[in-house]
Amino acid sequence: QVQLVESGGGLVQAGGSLRLSCAASGRTFSLYRMGWFRQAPGKEREFVAAISRSGSGTYYVDSLKGRFTISRDNAKNTVYLQMNSLKPEDTAVYYCAANWQSGSYYDLKQYDSWGQGTQVTVSS
């Protein structure tokens with residue numbers, strides 16, 4: 001399995017931006033589809049965005065399109081989540097995940113490896 005470590009979370013005011021990073025190690029990063037999920041207190045973990053192995057395909061939950069952008073740098077074994085125009089409802093722990101096989105990009109059960117998460121808090 002690949003090991004994943006997220007960073008870049010923190011406290012930001014509404015309307016601000018953050019860029020999350022997820023560094024991978026252990027196996028060939030470019031063989032994995034990558035995804036970002038988030039979990040707010042008292043809620044289930046939900047899909048945010050995903051990216052194909054090459055980076056040519058990106059997928060988003062409809063409600064976040066236009067504000068969040070996922071990207072990857074296979075040379076650096078890193079996937080990113082650029083978050084703009086943040087809102088208090090974006091407050092959550094954000095997790096990156098790796099999918100070795102295929103299946104739906106949107107289904108968290110398809111992902112084999114998970115990071116420990118990074119807290120994002122958006123104040124109003």
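Before any of the text, the structure's been laid out above.
Throughout what follows, the structure given in this document is the object of discussion. (Residues numbered from 1 in each chain as written. Predicted model: local features only at pLDDT ≥ 70, side-chain atom pairs only at ≥ 80, totals over all residues. Heavy atoms only, no water.)

### Re the nonpolar core
Thinking step 1. The biggest cluster of nonpolar side chains holds 29 residues, and the ones touching the most others in it are Met34, Trp36, Leu81, Met83 and Tyr94.
Thinking step 2. Of all elements in the fold, only strand E3 (18-25), strand E4 (33-39), strand E5 (46-51), strand E7 (68-73), strand E8 (78-83), strand E9 (92-99) and strand E11 (118-123) reach the threshold of two or more residues within this core.
Thinking step 3. Discounting chain neighbours no more than four positions away, the residues touching Tyr94 are Glu6, Leu20, Trp36, Phe37, Arg38, Val48, Phe68, Leu81, Met83, Gly117, Thr118 and Val120.
Thinking step 4. Residues Phe37, Ala50, Ala97 and Tyr111 belong to the second largest nonpolar core, which totals six residues. (Core = buried A, V, L, I, M, F, W, Y, C linked by side-chain atoms within 4.5 Å. Buried < 20%, exposed > 50% of the residue type's maximum accessible area, 1.4 Å probe, protein only. Helix = DSSP H or I, 4+ residues; strand = E, 2+ residues; numbered from the N terminus. Contact = heavy atoms within 4.5 Å.)

### Observations concerning the pattern of salt bridges
Thinking step 1. All chains considered together, the criterion is met by five salt bridges.
Thinking step 2. One salt bridge connects Arg38 with Asp90, and the closest N-O pair in it is separated by 3.0 Å. Residue Arg38 is located in strand E4, and its partner Asp90 is located in the loop between E8 and E9; the two are separated by 52 residues in the primary sequence.
Thinking step 3. A residue is classified by how much of its surface remains accessible, and Asp90, at 1% relative accessible area, is buried.
Thinking step 4. Asp90 is the partner of Arg67 in a salt bridge, and the nearest nitrogen-oxygen pair spans 2.8 Å. (Salt bridge = Lys/Arg side-chain N within 4 Å of Asp/Glu carboxyl O.)

### Let's talk about the side chain of Arg33
Thinking step 1. Within the secondary structure layout, Arg33 lies in strand E4.
Thinking step 2. Buried charge Arg33 goes without a salt bridge, the closest partner of opposite sign being Asp112 at 9.5 Å.
Thinking step 3. At a separation of 2.6 Å, a polar atom in the side chain of Arg33 contacts the main-chain carbonyl oxygen of Gly103.
Thinking step 4. Separated by 3.2 Å, the side chains of Arg33 and Tyr105 make a polar contact.
Thinking step 5. With sequence-adjacent residues up to four places away left out, Arg33 is seen in contact with Ile51, Arg53, Arg72, Ala97, Ala98, Asn99, Gln101, Ser102, Gly103, Tyr105 and Tyr111. (Lys, Arg positive; Asp, Glu negative; His and termini not counted. Polar contact = N/O pair within 3.5 Å; in protein donor to acceptor, adjacent residues only side chain to side chain.)

### Describing the state of the cysteines
Thinking step 1. Across all of its chains, the model carries one disulfide by this definition.
Thinking step 2. The disulfide that involves Cys22 links it to Cys96, with 1.9 Å between the sulfurs. Between Cys22 and Cys96, the S-S torsion sits near 40 degrees, and that sign places the bridge as right-handed. Taken as a pair, Cys22 in strand E3 and Cys96 in strand E9 lie far apart in primary sequence, 74 residues in all. (Disulfide = S-S within 2.5 Å.)

### Observations regarding the packing of aromatic side chains
Thinking step 1. Evaluation of the coordinates by the stated rule reveals eight aromatic pairs.
Thinking step 2. Both rings, one in Tyr32 and one in Trp100, keep their centres 5.4 Å apart while their planes meet at 55 degrees; by these two values the pair is tilted. Of this pair, Tyr32 sits in the loop between E3 and E4 while Trp100 sits in the loop between E9 and strand E10 (113-114), and the two are 68 residues apart along the sequence.
Thinking step 3. Here Tyr59 and Tyr106 contribute two aromatic rings whose centre-to-centre distance is 6.3 Å and whose plane-to-plane angle is 80 degrees, an arrangement assigned as edge-to-face. Pair noted here: Tyr59 is in strand E6 (residues 58-60) and Tyr106 is in the loop between E9 and E10, with a separation of 47 residues, a long-range link.
Thinking step 4. For Tyr59, a relative accessible area of 25% puts it in the partly exposed group.
Thinking step 5. Three or more aromatic residues link up through ring pairs in this structure, and these residues are Phe37, Phe47, Tyr59, Tyr105, Tyr106, Tyr111 and Trp114.
Thinking step 6. Of note, Arg72 hangs over the ring of Phe29, and the distance from its end group to the ring centre comes to 4.4 Å. (Phe/Tyr/Trp six-rings, centres within 6.5 Å; stacked < 30°, edge-to-face > 60°. Lys NZ or Arg CZ within 6 Å of the ring centre and 35° of its normal.)

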